[in-house]
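Spelled out from the first residue to the last, the chains are:
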Amino acid sequence: SFDREHQSTYTFRLKAVDGGDPPRSSYVGVTINVLDENDNAPVIVVPSNISYKYLTPETHPGTQVNWVRAEDMDTGVNAELEYSIASGNPFQLFQISPNNGEVTLEKTIIRKHYGLHRLVVRVNDKGKPSRHGTALVHFYINETLTNQTFVETLLGHSQDTPLDIDIAGVSEYE
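Residue numbers here run from 1 along each chain, matching the order of that chain's written sequence. Restriction of local features to residues with pLDDT of at least 70 applies here, the model being predicted, together with a cutoff of 80 or more for giving and counting side-chain atom pairs; totals for whole chains, interfaces and linings are based on all residues. Hydrogens and waters are ignored; side-chain quantities use all the structure's heavy atoms.

- As annotated in an unreviewed UniProt entry, the protein carries the name Protocadherin-1 and comes from Xenopus gilli.

## Points about the pattern of salt bridges
At step 1: Only one rule defines a salt bridge in this text: a Lys or Arg side-chain nitrogen within 4 Å of an Asp or Glu carboxyl oxygen. Applying the stated criterion to the full structure yields two salt bridges.
At step 2: Note that Arg-69 is salt-bridged to Glu-71, the shortest N-O span being 3.2 Å.
At step 3: Only protein chains enter the accessibility calculation, which uses a 1.4 Å probe. A residue is then buried if its area is under 20% of the maximum for its type, exposed if over 50%, and partly exposed in between. On the basis of relative accessibility, which here comes to 30%, the residue Arg-69 falls in the partly exposed class.
At step 4: A salt bridge links Glu-80 to Lys-126; the shortest N-O distance between them is 4.0 Å. Of this pair, Glu-80 sits in the loop between strand 6 (69–71) and strand 7 (81–87) while Lys-126 sits in the loop between strand 10 (115–125) and strand 11 (132–141), and the two are 46 residues apart along the sequence.
At step 5: Take Glu-80: its relative accessible area is 37%, and that puts it in the partly exposed class.
At step 6: By relative accessible area, which is 41% here, Lys-126 ends up partly exposed. What counts as a helix is a DSSP run of H or I of at least four residues, what counts as a strand is a run of E of at least two, and both are numbered from the N terminus.

## A look at the nonpolar core
At step 1: Put simply, buried Ala, Val, Leu, Ile, Met, Phe, Trp, Tyr and Cys residues joined by side-chain atoms within 4.5 Å make one nonpolar core. In this structure, Val-68, Phe-94, Val-103 and Phe-139 are the most contacted members of the largest nonpolar core, which totals 21 residues.
At step 2: Of all the elements in the fold, those that place two or more residues in this core are strand 7, strand 8 (94–96), strand 9 (102–105), strand 10 and strand 11.
At step 3: Contacts between residues were defined by any pair of non-hydrogen atoms, one from each residue, lying within 4.5 Å. Setting aside residues up to four positions removed in sequence, Val-68 forms contacts with Ile-44, Val-46, Pro-47, Tyr-83, Ile-96, Asn-100, Gly-101, Val-103, Val-121, Val-123 and Val-137.
At step 4: Tyr-52, Leu-116, Leu-154 and Leu-155 belong to the second-largest nonpolar core, a separate cluster that totals seven residues.

## Quick word on the sheet that holds strand 8
At step 1: Two strands are counted as paired when DSSP detects at least two bridges linking them. In spatial order, the strands read 5-9-8; together these three strands make up an open sheet with antiparallel pairing. Looking at the sheet topology across the chains shown, the edges are occupied by strand 5 (64–67) and strand 8. Ignoring strand direction, the axes of neighbouring strands in this sheet form an average angle of 25 degrees.
At step 2: Where strand 5 and strand 9 come together, three bridges link them in antiparallel fashion. Residue pairing in the sheet places Asn-66 in a bridge with Val-103 of strand 9. Lines fitted to the C-alpha atoms define the axes, with helices restricted to the stretch that makes contact. Angles between their N-to-C directions range from 0 to 180 degrees.

## A closer look at helix 1 (residues 148–160)
At step 1: For helix 1, spanning 13 residues, the distance from its first C-alpha to its last is 19 Å, which sits close to the expected 18 Å at 1.5 Å a residue.
At step 2: What helix 1 keeps buried is the set Val-151, Leu-154, Leu-155 and Ser-158. Buried positions in helix 1, seen along its axis, are confined to an arc of 100 degrees and lie on one side of it. Set apart from the buried face of helix 1 by more than 90 degrees, the exposed residues are Thr-149 and Asp-160.
At step 3: Tucked inside the fold, the buried residues of helix 1 contact strand 4 (52–55), strand 10 and strand 11.
At step 4: Two N or O atoms form a polar contact when they lie within 3.5 Å of each other; inside protein one atom must be a possible hydrogen donor and the other a possible acceptor, and for residues adjacent in sequence the pair counts only when both atoms belong to side chains. Measuring from the side-chain oxygen of the N-cap residue of helix 1 to the backbone nitrogen of Thr-149 gives 3.3 Å; that N-cap residue is Asn-147. Between the first and last residue of a helix there are one fewer steps than residues, each counted as 1.5 Å, and that sum is the expected span. By arc we mean the arc of the directions from the helix axis to the C-beta atoms, nothing more.

See below:
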């Protein structure tokens, strides 16, 4: 079997011999180009699921606050990636660029936004059928960052919370 990720082309020579007396022969070069199959899902390179960015209430809307970067071992449309926020954005505070994974703050931060936020970011390739990878992007919003252990505890709770549950605004996360 052929796998483009291991070797994308094969080149060899064939020799054809006729049955005459004396036999005559000829050589021809053959190149096989292996086409890409969408057999790899995007892999999230940054950020890690247990990292977070600290944001103060003074962070201005339109500010880039994080960046999700993914890679795909395939080629062509099978490696073209599209980023989206699948869940975890109940206040619509954040937006992600579908083309490059840049996360921006979209609204002014107010008191009810304080605490840990977890965006579930989905990265799809444009292959048929499409494959995807998922990343957790965390933000801790507060006026100060005085208790690092507390934030790490919140991150631990986030890891144990099902992805379809929004943690922003839940009392035990504030």
